[in-house]
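# Remarks on the overall topology
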Amino acid sequence: MKTENKQDGFISGTAASSGVAKGLVRIIQDEKDFSSFQAGEVLVAKITNPIFTPIIFLACAIVTDVGSRLSHAAIVARELGIPAVVGTENATKVLKDGDIVVVDGSKGVVHLLT
Amino acid sequence: MKNYRWVGNLYPDWFRRPASPLERTWRWPLALKAAQRFVKQRLGITIPDNYYIPKDGRLYLRTDYYRLLMQWGTLAFLFKFIRRLSKEKQNFESEVLPAYKALLSSWRQESQTFKDMNTAEIWQWMKSIMEVDVAYTVKIVYVGTYGFLFDFLLAQFYKRFVKDEPDGYHALLAGFPNRTFEMNAELFRLSRIDKENQSFGVGFPDFLTNFGLEKSDWELALPVLGEYPPAIMHLIDSYRIHPELDPTLRLEKAKAKRKEKYMYALGHLKYAFITKPVFRWIVRWAQAYVPLRETRQHFIGAATYFLRQGLKLLGERLGVGQEKIFFLEKSEIDEAVRGGINLLNLKQVSDGRYNLWLSQKEHIPNEDRK
């Protein structure tokens, strides 16, 4: 697993659910941030667990700092058929709200467009 | 810390944050003891007493697994595990989960009478439900091991014997209703009802009752989903704007894709005359257990919400504060409820520990290791 910084234009992690999606980044630290999430955005979080489940259903892709192919985010993403890249180590630090990214869940890469 | 590893590295979804002193001195010891008893009884394996240690608020587990294997119980372990293949699913669905749901329902009712109870009664009530809750949590966690095992077996089999992309097996495990789906289907249903309508007025509190117990970690000090009604309202509004995200339609789509993928895989097996029955067997059990793996996540430690309600009231009555009670140890609350401790000192202690907890949050073990 390798994580590049933002200047390199991509972040990598574990490919957890295949597919490609493009969207705006929304960083969700905890449930207090749920109200800022808009359907169709890319959910970027440290980890996800059951409390995140409703947000995952609204997301077009998931990116997490921590996790494996067996973590909750990965499992739910596969069920929904949306791309997920987990275990990036620092996506929540490198990305910021409103960034446009392309999440490639097959290769485990998040491309930063802006 | 030789032979111990932070559980956050072993199982990244839980135990990420440092535990509050109350979590560490109350639920942890009870849950870890309950796990020991369960594994001994169900699989005949003895887990040593020192299999875990807390350090800087975090949980570390032993990593010298070979010691666990050096006992008679392990000889029959695999046999016992496989023998219970059909029983565990049935046991979870027809006994464990219904019984636990009934308990949650009665705890909800009882917790509504907190205001009429004295401090000692509330604390006693909480201690008794904690004992029961950890015993159920262990059973609920255990059924997930079958889901993880068959997910792994299917992945390995698919990669080696099906002429398809390695991740193709994901579609075989999707499209089954589970607790996650039910929760979102209910949010979607509410989004179709006008907020002024009486049935929305009934449906929204019902949603909080049924699905509001979701936790963000295994931790008494952290709020659960039901404590954020505005966040839930926002989710309903999102579905109102985006009806195309209807969970039922997505489930149906996944189900159709699953059936299609199954037929595809059967037709693209290498050495089909041998591998076909094995493939069918693995898929059958993977599809039986994988939905349970997701459902059980929602019921792990679901009594947290009721315990938090009682503890917050206790914090108020003891003068420590609703949110600082979690930074006392169990023995200190025992003592305070008995009236054998200076409450002013107690407040200072909890304030100090809260600050320590905040600083511990900044030091994540695997980041320190780099």
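Everything numeric here is computed off the predicted structure, so don't read it as measured data.

Our focus in this paragraph is the overall build of chain B. From N to C terminus, chain B includes 15 helices and three strands. In terms of overall dimensions, chain B has a C-alpha envelope of 75 × 65 × 45 Å along the principal axes. Split into buried and exposed, the 370 residues of chain B put 35% on the buried side. Pairs at least 24 apart in sequence give 77% of the contacts found in chain B among residues at least 6 apart.

Take the pairing of strand 8 (residues 109-112) of chain A next. Residues and elements named next belong to chain A. Examined bridge by bridge, strand 1 (residues 10-12) and strand 8 share three bridges and lie antiparallel to one another. The partner of Ser12 across the bridge, within strand 8, is Val109. Here strand 7 (residues 100-104) folds back onto strand 8, and the loop between the two strands holds four residues, one of which, Gly108, carries a positive phi near 75 degrees.

All names here are of chain B. Of note, Phe15 is a non-glycine position whose phi angle comes to about 60 degrees, a positive value. In this structure, Phe15 sits in the loop between helix 1 (7-10) and helix 2 (21-43). C-beta crowding within 10 Å serves as the criterion here: with 22 such atoms nearby, Phe15 is assigned to the buried category. In this model, Tyr271 sits at a positive phi of 50 degrees, which is unusual for a non-glycine residue. With respect to the element layout, Tyr271 can be found in the loop between helix 10 (247-267) and helix 11 (272-297). Using a count of 9 C-beta atoms within 10 Å as the deciding quantity, one classes Tyr271 as exposed.

Looking now at the sheet that holds strand 3 (residues 58-62) of chain B. Strands belonging to one sheet form pairs held by backbone hydrogen bonds; the direction of such a pair is parallel or antiparallel. All names here are of chain B. In spatial order, the strands read 1-3-2; together these three strands make up an open sheet with antiparallel pairing. Every interior strand has two partners, whereas the edge strands, strand 1 (4-6) and strand 2 (52-55), have only one. This sheet shows a mean twist of 35 degrees between the axes of neighbouring strands, independent of strand direction. Pairing of strand 1 with strand 3 involves three bridges; the strand directions are antiparallel. Bridged to Tyr4 within strand 3 is Arg62.

The subject of this paragraph is the interface of chain A and chain B. Contacts between the two partners involve 27 residues from chain A, matched on the other side by 32 residues from chain B. Elements with a contribution of two residues or more to the side of chain A that touches chain B: helix 1 (53-58) and helix 2 (72-80) of chain A. If one sorts the elements of the side of chain A that touches chain B by residue count, helix 2 of chain A sits on top with six residues. A per-class count over the side of chain A that touches chain B returns 13 nonpolar, 10 polar and four charged.

Here the focus is the packing of helix 5 (residues 85-111) of chain B against helix 11 of chain B. Residue and element names in this part refer to chain B. Helix 11 packs onto helix 5 with a crossing angle of 35 degrees between their chain directions and a minimal axis gap of 11 Å. Viewed along their axes, helix 5 and helix 11 form a crossing whose handedness is left-handed. Of helix 11, the residues touching helix 5 (which contributes Leu85, Lys89 and Phe92) are Trp285, Ala288, Tyr289 and Leu292.

What follows covers the nonpolar core. Grouped together as the largest cluster of nonpolar side chains are 114 residues, with contacts concentrated most on Ile56, Ile62, Ala77 and Ala84 of chain A. In terms of residues, this core owes the most to one element, helix 6 (residues 119-161) of chain B, which gives 14 residues. Residues contacting Ala84 of chain A, with those up to four places away along its chain left out, are Ala16, Ser17, Ala61, Ile62, Ala73, Ala74, Ala77 and Gly105 of chain A. The next biggest cluster of nonpolar side chains, apart from the first, holds seven residues, and it includes Phe15, Ala19, Leu59 and Tyr60 of chain B.

Residue and element names in this part refer to chain B. Pairing of strand 2 with strand 3 involves four bridges; the strand directions are antiparallel. What sits directly across from Pro54, in strand 3, is Leu59. Count of turn residues in the strand 2/strand 3 antiparallel hairpin: two residues, of which Asp56 carries a positive phi of about 50 degrees.

Residue and element names in this part refer to chain B. Taking 1.5 Å of rise per residue, the 20 residues of helix 14 (residues 343-362) would be expected to cover 28 Å, and the 30 Å separating its terminal C-alpha atoms lies within 8% of that figure. Among the residues of helix 14, those classed as buried are Leu346, Ser350 and Arg353. With its buried residues spanning 70 degrees around the axis, helix 14 presents them on a single face. The outward face of helix 14, more than 90 degrees from its buried face, is lined by the exposed residues Leu344, Asn345, Gln348, Gly352, Asn355, Leu358, Ser359 and Glu362. Elements that come into contact with the buried residues of helix 14 comprise helix 2 and helix 13 (330-338).

With that settled, the discussion passes to the confidence of the model for chain B. Predicted coordinates in areas of low pLDDT are best not read in detail. All names here are of chain B. Mean pLDDT over chain B works out to 91, with 99% of the residues at or above the 70 mark. Confidence, expressed as mean pLDDT per element, reaches its minimum in chain B at helix 15 (residues 365-369) with 57 and its maximum at helix 10 with 96. As a predicted assembly, this complex carries a pTM of 0.90 together with an ipTM value of 0.89.

This part covers the packing of helix 5 of chain B against helix 6 of chain B. All names here are of chain B. With their axes 11 Å apart at the nearest point, helix 5 and helix 6 run at an angle of 155 degrees to one another. Considering their axes alone, helix 5 and helix 6 lie roughly antiparallel with respect to each other. You can see that helix 5 and helix 6 cross each other, and the crossing is left-handed. Here Glu88, Phe92, Val96, Tyr100, Leu103, Trp107 and Glu110 of helix 5 lie close against helix 6, whose contacting residues are Trp125, Ile129, Val132, Tyr136, Lys139, Ile140, Val143 and Tyr146. Taken together, the residues of the contact of helix 5 with helix 6 break down into 12 nonpolar, no polar and three charged.

Quick look at helix 2 of chain B now. Structurally, the α-helix is built with 3.6 residues per turn, so residues lying three or four positions apart point the same way. Residues and elements named next belong to chain B. The terminal C-alpha atoms of helix 2 lie 32 Å apart, and with 23 residues this matches the ideal 33 Å at 1.5 Å per residue to within 8%. The largest bend in helix 2 amounts to roughly 35 degrees and is located at Arg27, with the proline Pro29 lying one to four residues further along. One or two positions beyond helix 2, positive phi appears at Gly44, with a value near 75 degrees.

All names here are of chain A. Across the sheet, eight strands lie side by side as 1-8-7-3-4-5-6-2; this open sheet has mixed pairing. Since the sheet does not close on itself, it has two edges, and those belong to strand 1 and strand 2 (14-17), each with one partner. Between one strand axis and the next, the sheet turns through 30 degrees on average, direction left out of account. Where strand 4 (residues 42-45) lies against strand 5 (residues 61-64), four bridges are found, and the strand directions are parallel.

Parameters at a glance
- Residues numbered from 1 in each chain as written.
- Chains lettered and ligands numbered in written order.
- Predicted model: local features only at pLDDT ≥ 70, side-chain atom pairs only at ≥ 80, totals over all residues.
- Helix = DSSP H or I, 4+ residues; strand = E, 2+ residues; numbered from the N terminus.
- Buried ≥ 20, exposed ≤ 12 C-beta atoms within 10 Å, placed from the backbone.
- Contact = placed C-beta atoms within 7 Å.
- Pairing = 2+ DSSP bridges.
- Axes fitted to C-alpha atoms, helices over the stretch in contact; angles between N-to-C directions.
- Nonpolar A, V, L, I, M, F, W, Y, C, P; charged D, E, K, R; others polar.
- Left-handed = near helix turned anticlockwise from the far one by under 90°.
- Core = buried A, V, L, I, M, F, W, Y, C linked by C-beta atoms within 7 Å.
- Expected span 1.5 Å × (residues − 1).
- Arc of directions from axis to C-beta.
- pLDDT = per-residue confidence, 0-100.
- Parallel < 35°, antiparallel > 145°, perpendicular 65-115°, else oblique.
- Bend = angle between axes of the 7 residues up to and from the residue.

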